[in-house]
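Listed below, chain by chain, are the residues.
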Amino acid sequence: MTKRTYTCGLDAAIAVMGGKWKGLILFSLGEGPLRFGELRRAVAGISERMLILQLREMEHSGLIHREAHHQVPPKVEYSLTDFGRSLNAAMAPLGEWGEENLERIEAIP
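Residues numbered from 1 in each chain as written. Predicted model: local features only at pLDDT ≥ 70, side-chain atom pairs only at ≥ 80, totals over all residues. Heavy atoms only, no water.

A. Structural detail: unusual backbone geometry. For the bond from V72 to P73, the omega torsion is -5 degrees, close enough to zero to count as cis. Here P73 lies in the loop between strand 2 (64-69) and strand 3 (75-80). (Helix = DSSP H or I, 4+ residues; strand = E, 2+ residues; numbered from the N terminus.)

B. Looking closely at the side chain of S28. In this fold, S28 is placed in helix 2 (residues 22-29). A relative accessible area of 13% places S28 in the buried class. When residues no more than four places from it in sequence are discounted, the contact partners of S28 are L34, L39, A42 and V43. (Buried < 20%, exposed > 50% of the residue type's maximum accessible area, 1.4 Å probe, protein only. Contact = heavy atoms within 4.5 Å.)

C. Structural context of the sheet that holds strand 2. Read from one edge to the other, the open sheet built from three strands follows the order 1-3-2, with strand pairing classed as antiparallel. The open sheet terminates on both sides in strands that have one partner only, identified here as strand 1 (34-35) and strand 2. Across the sheet, helix 2 touches strand 1, strand 2 and strand 3, and the angle it forms with strand 3 is around 100 degrees. (Pairing = 2+ DSSP bridges. Axes fitted to C-alpha atoms, helices over the stretch in contact; angles between N-to-C directions.)

D. Just the layout of surface pockets, in detail. Looking at the largest pocket, its volume works out to about 440 Å³. Around the largest pocket, the lining comprises 15 residues; the ones closest to its centre are G23, L24, M91, L94 and G95. Secondary-structure elements contributing two or more residues to the lining of the largest pocket are helix 2 and helix 5 (82-100). Here the lining of the largest pocket takes eight residues from helix 5, the largest share from any one element. Considered as a void within the structure, the second largest pocket measures approximately 200 Å³ in volume. Those elements that place two or more of their residues in the lining of the second largest pocket are helix 1 (9-17) and helix 4 (48-60). The element best represented in the lining of the second largest pocket is helix 1, accounting for three residues. (1 Å grid on protein atoms, 1.4 Å probe; cavity = no way out; pocket = protein on both sides within 12 Å on 5 of 7 lines; lining within 4 Å. Points joined across faces, edges and corners; volume = space filled by probe spheres on them.)

Here it is in structure tokens:
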């Protein structure tokens with residue numbers, strides 16, 4: 001596997017959190033740990049398969065921590081790592097910008 005080089009910090013950040021769902025998952029986990037079903041309800045519109053794929057990628061990149069509790073029924077919780085919390089904090093101003101410009105953005109054909 002070839003090591004990826006980035007042209008700038010934004011390129012690197014987008015590579016880690018790019019896609020439609022990762023930002024929403026990070027935002028949902030910002031309040032604290034959630035179980036899979038809770039995450040699926042929190043991220044409206046995401047399929048079970050896509051949530052599984054995104055969570056695996058985010059765990060692999062170190063954004064989230066997956067903790068399996070050995071009990072019956074099985075319980076798995078997802079939470080942000082320090083790395084994930086730092087990305088969430090960096091994305092907050094972008095989310096505020098989106099909220100401030102929501103009407104204008106929605107009006108784009």
